[in-house]
Amino acid sequence: MKNKSLVSINDFSREEHIRILELAGAFEKNPKQRILEDYVVATLFFEPSTRTRLSFESAATRLGAKVIGFTDSSSSSVQKGESLRDTILTVSNYCDIIVMRHPKEGSSRFASEVATVPVINAGDGANQHPTQTLLDMYSIRKTQGSLDNLNIAFVGDLKYGRTVHSLVHALCNYNTTFHFVSPLELKLPSAVKMDIKERNLVYHQSTDLLEVIEKVDILYMTRIQKERFSDPLDYEKVKNAYVLHNSMLDFAKPNLKILHPLPRVNEITTDVDNNPKAYYFTQALNGVYVRQALLASILGVVD
Amino acid sequence: MEKEDLRKELKVSAIENGTVIDHIPSKSVFQVIKILNLTEYQNQLLIATNLDSQKMGKKGIIKVSNKFFKSDEINKIALVAPTATLIIIKNFEVIEKKKVEVPDYAENIVKCFNPNCITNNEEIVTKFTVIDKKELKLRCHYCEKITARNNIAFR
Ligand SMILES: [Zn+2]
């Protein structure tokens, strides 16, 4: 994976995904290794995303790398009308790897073609966010022992949620049985369902969260945003139907874990947080190990 | 017009050697010229549009003297002119007739329909993979969204 950019989850093969997850496991056991002391990591955040940026900067810093960059393009030359091409070409001179987040879809692919150093996509508009997908895979594999043959439920906004689409794609490699729970307005797009069918995998669709909980190994919750509904009344009708309460977990399988890409608003009530099945904060921590694994393997300091 | 004059007229517009691109939708004639880089063409070039056509209502036709296109070059026009037919002429004789075929890739011809795509916000050569030739569906190399026949636009 040395010098390889990671723009889309499909840029890495199934074997490369597994290698990253294994390396992430090694960093979890021993997170402070100063193996990147001679390296400079640039974090270019053309739109703010504190959570993702801090996770990357924590990963880089724990490996001893220097971090440069900007957190918001309004204070940089981008505001003065500099093209993305020029920004990337310039920054390439100052660093060994670029981590970038940008509001336009395809910006990261373009940057990876222009840059003279590898690029890691930390989110390009509604398109891709591959490090989120990898940390989700890591969390599933770690809690279930394997990625194979699991029952996984996705709940909430399945229409616009890029994290959901990307993770579904990746899980199609592992004989997953999918359960999609959403209001009718926010059903999974048919293109994503086509991918599942092409792999001859099984999926179920439902509007009822409770009936799905007892069947699954992973419950992947997402936020339903009011702006997604053309009629605010439609939102009012469904907003409480996709909220997870602790009492709903009574009949869940013992190995069930609850994931959420965060930030959470109210779709998981706080009484769930103390349930051992709640995994979303640990999931966020896993992001640091996965990003350590990516930085180290793309910079070529581990194989 | 007298019959003799008509014949002369046709003779003037016939080409000795080259390619006739017929059955171009009238609205696409100038796009075809642009795609094939004919604006700077130095040899004889005949362009007609809004001609009556039994099949198409109105059509355009372009005759390019002394030019024989490679298939990957000419097939680019299939995106704007899927009905186009090609007639290869040598010594005033028709040597070959064929239809254009939708290509596997399209570079800098199509505009991505996604307004939030980086190619609509920076000066970037667009690149698409044609994933469905029949229904005409193209996947943007950058934003990965699908531009389809009903929302296709050209640069
Ligand atoms: Zn695009």
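Conventions adopted
Residues numbered from 1 in each chain as written. Chains lettered and ligands numbered in written order. Predicted model: local features only at pLDDT ≥ 70, side-chain atom pairs only at ≥ 80, totals over all residues. Heavy atoms only, no water. Helix = DSSP H or I, 4+ residues; strand = E, 2+ residues; numbered from the N terminus. Buried < 20%, exposed > 50% of the residue type's maximum accessible area, 1.4 Å probe, protein only. Contact = heavy atoms within 4.5 Å. Buried area = accessible area lost by both parts, 1.4 Å probe. Salt bridge = Lys/Arg side-chain N within 4 Å of Asp/Glu carboxyl O. Phe/Tyr/Trp six-rings, centres within 6.5 Å; stacked < 30°, edge-to-face > 60°. Lys NZ or Arg CZ within 6 Å of the ring centre and 35° of its normal.

## Some thoughts on unusual backbone geometry
Line of reasoning, step 1. The omega torsion across Leu262(A) and Pro263(A) is 5°, close enough to zero to call that bond cis.
Line of reasoning, step 2. With respect to the element layout, Pro263(A) can be found in the loop between strand E9 (257-259) and helix H10 (280-298).
Line of reasoning, step 3. Look at His23(B): it is not a glycine, yet its phi comes out positive at around 55°.
Line of reasoning, step 4. On the secondary structure map, His23(B) appears in strand E1 (residues 18-25).
Line of reasoning, step 5. Located in the positive-phi region is Glu144(B), a residue other than glycine, with phi close to 70°.
Line of reasoning, step 6. Residue placement: Glu144(B) occurs in the loop between strand E9 (137-140) and strand E10 (146-148).
Line of reasoning, step 7. Overall, Glu144(B) belongs to the partly exposed group, its relative accessible area being 24%.

## Let's talk about the interface of chain A and chain B
Line of reasoning, step 1. On the side of chain B, 13 residues touch chain A, which itself brings 15 residues to the contact.
Line of reasoning, step 2. Summed over both partners, the interface of chain A with chain B buries about 1100 Å², with 42% contributed by carbon and sulfur atoms.
Line of reasoning, step 3. Ranking the residues of chain A by area buried against chain B places Lys104(A), Glu105(A) and Phe110(A) at the top, with a combined share of 46%.
Line of reasoning, step 4. One can count two salt bridges joining chain A with chain B.
Line of reasoning, step 5. With a closest N to O distance of 3.9 Å, Arg109(A) and Glu144(B) form a salt bridge.
Line of reasoning, step 6. Those elements that place two or more of their residues in the side of chain A that touches chain B are helix H3 (84-92) and helix H4 (107-114) of chain A.
Line of reasoning, step 7. Looking at the side of chain A that touches chain B, the element that brings in the most residues is H4(A), giving four residues.

## Some details on the packing of aromatic side chains
Line of reasoning, step 1. Under the defined criterion, the tally for this structure stands at nine aromatic pairs over all chains.
Line of reasoning, step 2. Each ring, one from Phe178(A) and one from Phe180(A), has its centre 5.7 Å from the other, and the planes form 10°; the classification is stacked. You'll find Phe178(A) and Phe180(A) in the same group, each marked buried.
Line of reasoning, step 3. Among the aromatic residues, ring-to-ring pairing joins Phe154(A), Phe178(A), Phe180(A), Tyr203(A) and Tyr220(A) into one connected group.
Line of reasoning, step 4. In this structure, Arg228(A) is placed above the aromatic ring of Tyr160(A), and the distance from its NZ or CZ to the ring centre is 4.2 Å.
Line of reasoning, step 5. The lysine or arginine in question, Lys90(B), covers the ring of Phe68(B), its NZ or CZ lying 5.0 Å from the ring centre.

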